[in-house]
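For reference, the chains in residue letters:
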Amino acid sequence: MLSVDDLLDPAPRRVLVAGVSGVGKTTTARRIAEVLGVRHTEIDALFHGPGWEPRPTFVEDVDRFTREDSWITEWLYGPVRPMLAERADTLVWVDLPTRVMLRRLLRRTLRRRLGREELWNGNVEPPLWTFFTDRGHILRWGISTRNAMREQVPALERSAPHLRIVHLRSQHEVDAFVERLARPAV
């Protein structure tokens, strides 16, 4: 597994960003896409249809964009994770401390709900009280899955040996990694 200090040569062209809810996967993916000049496809937008129902064309949509020469997306959703890992050249694992993740997830959820921010295909965060009644509520999901990547990502070293895995453990490391990608290799 690589760290923030390791040089990626050649530069990544097909990038996955992994991490649990709230660590900043999508923000990091957008930043990487910008510095590399590669298109970011937000995988949540492909998965969630109206009413939070999975879109029937999800797998086909992921198959289509991952056949391109370059792309960046988040490493989510079991049905497509193997395909994504097989086709990517680099996986960036944003592995922030649980307290940071929970604070960010709570802040993001409150901002989205109170501002009635439209997410994907007309969906908005559900009312806050549903935290107590809905096992799938994003805050409950974040709490219950907060350690999931600590098993899933290391397993990729064996199942996808071609994949360069960069393990970032703080926001400082994320920022330094993106900064380093923006500088041409010497």
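Above this text you will find the structure in question.
Fair warning: this is a prediction, and the values are worked out from it, not measured in the lab.

**Q** I would appreciate a short explanation of a nonpolar patch on the surface in the present structure.
**A** On the surface, L106, L110, L114 and L128 cluster together into a nonpolar patch covering about 340 Å² of accessible area. As for its position among the elements, L114 is in helix 5 (residues 98–114).

**Q** Mind showing me how you'd approach the pattern of salt bridges here?
**A** Close approach of charged atoms allows side chains with opposite charge to pair. One pass over the structure, following the stated rule, counts 12 salt bridges. The partner of R87 in a salt bridge is D63, with the nearest N and O atoms 2.8 Å apart. One end of the pair, R87, is in helix 4 (residues 81–87); the other, D63, is in helix 3 (residues 58–65), with 24 residues separating them in the sequence. A relative accessible area of 22% means that D63 is categorised as partly exposed. A salt bridge links R183 to E179; the shortest N-O distance between them is 4.0 Å.

**Q** Could you clarify how one ought to interpret the side chain of R87 in this entry?
**A** The class of R87 is buried, set by a relative accessible area of 17%. At a separation of 2.8 Å, a polar atom in the side chain of R87 contacts the side chain of D63. When sequence neighbours within four positions are dropped, the list of residues in contact with R87 reads R14, D63, T66, R67 and W71.

**Q** What exactly am I supposed to notice about the packing of aromatic side chains here?
**A** In this description, an aromatic ring pair is defined by two values, namely the gap between the centres and the angle between the planes. This structure, assessed with the given rule, holds six aromatic pairs. On the basis of an interplanar angle of 15° and a centroid distance of 4.0 Å, the ring pair of F47 and Y77 is categorised as stacked. Note that F47 is positioned in helix 2 (residues 43–47) and Y77 in the loop between strand 2 (71–74) and helix 4, a separation of 30 residues in sequence. For the residue pair F47 and Y77, the accessibility class agrees, reading buried in each case. By the ring-pair criterion, three or more aromatic residues cluster together here, those being F47, F58 and Y77.

**Q** Mind showing me how you'd approach the sheet that holds strand 4 (residues 164–168) here?
**A** Strands in a sheet are paired, the pairing made by backbone hydrogen bonds, and the direction either parallel or antiparallel. One open sheet holds the four strands; their spatial order is 2-1-3-4, and the pairing between them is parallel. The open sheet has two edge strands with one neighbour each: strand 2 and strand 4. Geometrically, the sheet is characterised by an average inter-axis angle of 20° between neighbouring strands, direction not taken into account. Sheet analysis places strand 1 (residues 14–18) next to strand 2, joined by four bridges and oriented parallel. Paired with V17 across the two strands is E74, which belongs to strand 2. On the sheet, helix 1 (residues 25–36) packs against strand 1, strand 2 and strand 3 (90–94) and is oriented at approximately 170° with respect to strand 2. Helix 7 (residues 149–159) rests against strand 1, strand 3 and strand 4 of the sheet, and its axis sits at about 155° to strand 3.

**Q** Would you take a moment to explain unusual backbone geometry for this structure?
**A** In most cases, non-glycine residues show a negative phi, while peptide bonds are predominantly trans. Note that the residue after D9, namely P10, is joined by a cis bond; omega there is 10°. Locating P10 in the fold gives a position in the segment before strand 1. The phi torsion at Y77 lies on the positive side, around 75°, for a residue other than glycine. We note that N121 has phi near 55°; this positive angle belongs to a residue other than glycine. Classification of N121 as partly exposed rests on a relative accessible area of 39%.

Reading the values: rules and limits
Residues numbered from 1 in each chain as written. Predicted model: local features only at pLDDT ≥ 70, side-chain atom pairs only at ≥ 80, totals over all residues. Heavy atoms only, no water. Patch = residues over 30% accessible without salt bridge, like charges linked within 9 Å, V, L, I, M, F, W, Y side chains within 5 Å. Areas by Shrake-Rupley, 256 points an atom, 1.4 Å probe, with all protein chains shown as cover. Salt bridge = Lys/Arg side-chain N within 4 Å of Asp/Glu carboxyl O. Helix = DSSP H or I, 4+ residues; strand = E, 2+ residues; numbered from the N terminus. Buried < 20%, exposed > 50% of the residue type's maximum accessible area, 1.4 Å probe, protein only. Polar contact = N/O pair within 3.5 Å; in protein donor to acceptor, adjacent residues only side chain to side chain. Contact = heavy atoms within 4.5 Å. Phe/Tyr/Trp six-rings, centres within 6.5 Å; stacked < 30°, edge-to-face > 60°. Pairing = 2+ DSSP bridges. Axes fitted to C-alpha atoms, helices over the stretch in contact; angles between N-to-C directions.

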